[in-house]
Amino acid sequence: QVQLVESGGGLVKPGGSLRLSCAASGFTFSDYYMSWIRQAPGKGLEWVSYISSSSSARYYADSVKGRFTISRDNAKNSLYLQMNSLKVEDTAVYYCARAMGGKRWFDPWGQGTLVTVSS
Amino acid sequence: DIQMTQSPSSLSASVGDRVTITCRASKSIGNYLNWYQQKPGKAPKLLIYAASSLPSGVPSRFSGSGSGTDFTLTISSLQPEDFATYYCQQSYSTLTFGGGTKVEIK
């Protein structure tokens with residue numbers, strides 16, 4: 001079955017860096033746009049970034065532009081999010097998700113990995 | 001960015017009730033509207049895409065309608081497993097989500 005498993009979350013100090021990974025299985029990873037979406041504790045959902053199937057196009061929310069970098073390795077069926085210059089407000093559960101319908105909706109989502117930015 | 005406003009932010013309902021949640025966009029988004037269900041401690045799950053299409057495996061008691069700026073998610077007969085938070089999401093432009101509607105047991 002289609003599965004996405006995130007890893008790499010943890011506690012980091014403001015200004016620090018972290019790299020998240022998402023391992024995909026059960027579908028042809030290289031055929032799909034992929035995305036990161038986050039959810040601050042007790043809050044709603046916020047789209048973070050998209051990457052096209054070939055990595056030729058990448059999009060970012062204004063809140064992370066210039067600090068986060070999305071990438072993928074189709075040979076390893078893996079998606080990544082490099083997060084630099086982290087801020088307290090980046091604290092959230094980060095989900096990876098497959099983009100469907102010409103990147104219009106997300107299905108499925110991974111179980112999420114928690115990133116906590118605190119001194 | 002397009003703002004998505006959901007109402008109500010929470011509601012209490014009983015098993016068997018008909019439940020309606022609305023989502024309003026700050027500008028017209030055609031049918032670029034999706035709905036997700038999220039249970040506590042779990043990832044969101046796609047419920048409705050393109051305003052009214054049901055993914056495979058989603059029970060037929062869920063339905064979506066609307067176009068332009070006003071959209072509705074309806075649960076025809078609320079089941080115990082439907083108590084969750086529901087989010088709308090637009091994909092007409094830079095993706096944004098509504099604030100969520102928490103459906104609680106009455």
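So, a few notes on the structure that sits alongside this text. Along each chain, residues carry numbers from 1 onward, in the same order as the chain's sequence is written. As they are written, the chains are lettered A onward and the ligands numbered 1 onward, keeping that order. Where totals are concerned, whole chains, interfaces and linings use all residues; where local detail is concerned, this predicted model gives features only for residues with pLDDT of at least 70, and gives and counts side-chain atom pairs only at 80 or more. Excluded from the side-chain calculation are hydrogens and water; included are all heavy atoms of the structure.

**Notes on the interface of chain A and chain B**
Working step 1: Between chain A and chain B, the residue contacts involve 16 residues of the former and 17 residues of the latter.
Working step 2: Summed over both sides, the interface of chain A with chain B buries roughly 1,400 Å², with 64% coming from carbon and sulfur.
Working step 3: Note: buried area is the sum, over both parts, of the accessible area (probe 1.4 Å) each one loses when the two are combined. When the buried area of chain A at its contact with chain B is split by residue, A:Leu45, A:Arg104 and A:Trp105 rank highest and sum to 47% of it.
Working step 4: The rule for a salt bridge is simple: a side-chain nitrogen of Lys or Arg has to be within 4 Å of a carboxyl oxygen of Asp or Glu. One can count zero salt bridges joining chain A with chain B.
Working step 5: Numbering of helices and strands runs from the N terminus; a helix is a DSSP stretch of H or I covering at least four residues, while a strand is a stretch of E covering at least two. Listed by contribution, the elements that provide at least two residues to the side of chain A that touches chain B are strand S4 (34-39), strand S5 (45-51) and strand S10 (105-109) of chain A.
Working step 6: Asp, Glu, Lys and Arg are counted as charged, while Ala, Val, Leu, Ile, Met, Phe, Trp, Tyr, Cys and Pro are counted as nonpolar; the rest, among them Gly, fall into the polar class. Here the residues of the side of chain A that touches chain B sort into eight nonpolar, four polar and four charged. Throughout, a residue-residue contact means that at least one pair of heavy atoms, one from each residue, lies within 4.5 Å.

**Concerning the sheet that holds strand S3 (residues 19-25) of chain B**
All names here are of chain B.
Working step 1: The pairing criterion is simple: DSSP has to find at least two bridges between the two strands. Strand order in the open sheet formed by four strands is S1-S3-S7-S6, and the pairing between neighbours is antiparallel. Sheet topology places strand S1 (4-7) and strand S6 (62-67) at the edges, where each strand pairs with a single neighbour. Here the strands of the sheet are splayed against their neighbours by 15° on average, with no regard to which way each runs.
Working step 2: Of the strand pairs in this sheet, S3 and strand S7 (residues 70-75) are connected by six bridges, and their pairing is antiparallel. Residue Arg24 lies in a different strand from S7, and its bridge partner there is Asp70. Think of each axis as a best-fit line through the C-alpha atoms, taken over the contacting stretch in the case of a helix, with angles from 0 to 180 degrees between the N-to-C directions.

**Remarks on the layout of surface pockets**
By rolling a water-sized probe across the atoms, one finds the places where empty space is left.
Working step 1: With a 1 Å grid laid over protein atoms only, a set of points is called a cavity when a 1.4 Å probe fits there but cannot get out and a pocket when it is open yet has protein on both sides within 12 Å along at least five of seven lines; lining residues have an atom within 4 Å of a point. Grid points are joined across faces, edges and corners, and a volume is the space filled by probe spheres set on the points. Counted as a void, the largest pocket has a volume near 370 Å³.
Working step 2: Lining the largest pocket are 22 residues, with A:Gln39, B:Gln38, B:Lys39, B:Pro40 and B:Gly41 sitting closest to its centre.
Working step 3: Among the elements that make up the lining of the largest pocket, the one with the highest residue count is strand S10 (residues 101-105) of chain B (three residues).
Working step 4: Grouping the constituent residues of the lining of the largest pocket by class yields nine nonpolar, eight polar and five charged.

**Concerning the pattern of salt bridges**
All names here are of chain A.
Working step 1: Per the counting criterion, the structure on display carries eight salt bridges over all chains.
Working step 2: The closest approach of N and O atoms between Arg38 and Asp90, which form a salt bridge, is 2.9 Å. You can see Arg38 sitting in strand S4 and its partner Asp90 sitting in the loop between strand S8 (78-83) and strand S9 (92-100), a full 52 residues away along the chain. Taken as a pair, Arg38 and Asp90 share a single burial class, namely buried.
Working step 3: Of the charged contacts in the structure, one is a salt bridge between Asp62 and Lys65, with a shortest N-O distance of 3.1 Å. Across the pair, Lys65 and Asp62 agree in class, each one exposed. A simple rule labels every residue: compare its accessible area, found with a 1.4 Å probe on the protein chains alone, to the largest value its type can have, and call it buried under 20%, exposed over 50%, or partly exposed in between.

**Brief notes about the sheet that holds strand S1 (residues 3-7) of chain A**
In any sheet, the strands associate via hydrogen bonds between backbone groups, in a parallel or an antiparallel arrangement.
Residues and elements named next belong to chain A.
Working step 1: Strand order in this open sheet of four strands is S1-S3-S8-S7, and the pairing throughout is antiparallel. Strand pairing shows two members of the sheet lacking a second neighbour, S1 and strand S7 (68-73), which therefore form its edges. If you compare each strand with its neighbour and ignore which way they point, the axes differ by 15° on average.
Working step 2: Relative to S8, S7 runs antiparallel, the two being bridged by six bridges. Within S8, the residue paired with Asp73 across the bridge is Ser78.

**Overview of the packing of aromatic side chains**
The geometry of an aromatic ring pair is captured by two quantities: the separation of the ring centres and the angle between the planes.
Working step 1: Only centres within 6.5 Å qualify two rings of Phe, Tyr or Trp (six-membered ring in Trp) as a pair; their planes then separate them into stacked at under 30 degrees, edge-to-face at over 60, and tilted for everything else. Enumeration over the complete set of coordinates arrives at 14 aromatic pairs over all chains.
Working step 2: Every member of this aromatic cluster is reached through a ring pair, and the members are A:Tyr33, A:Trp47, A:Tyr50, A:Tyr59, A:Tyr95, A:Phe106, A:Trp109, B:Tyr36 and B:Phe97.
Working step 3: The ring of A:Tyr59 carries the charged tip of A:Lys103 above its face, separated from the ring centre by 5.2 Å. Consider the ring centre and the ring normal. A charge sits over the ring if Lys NZ or Arg CZ is within 6 Å of that centre and within 35 degrees of that normal.

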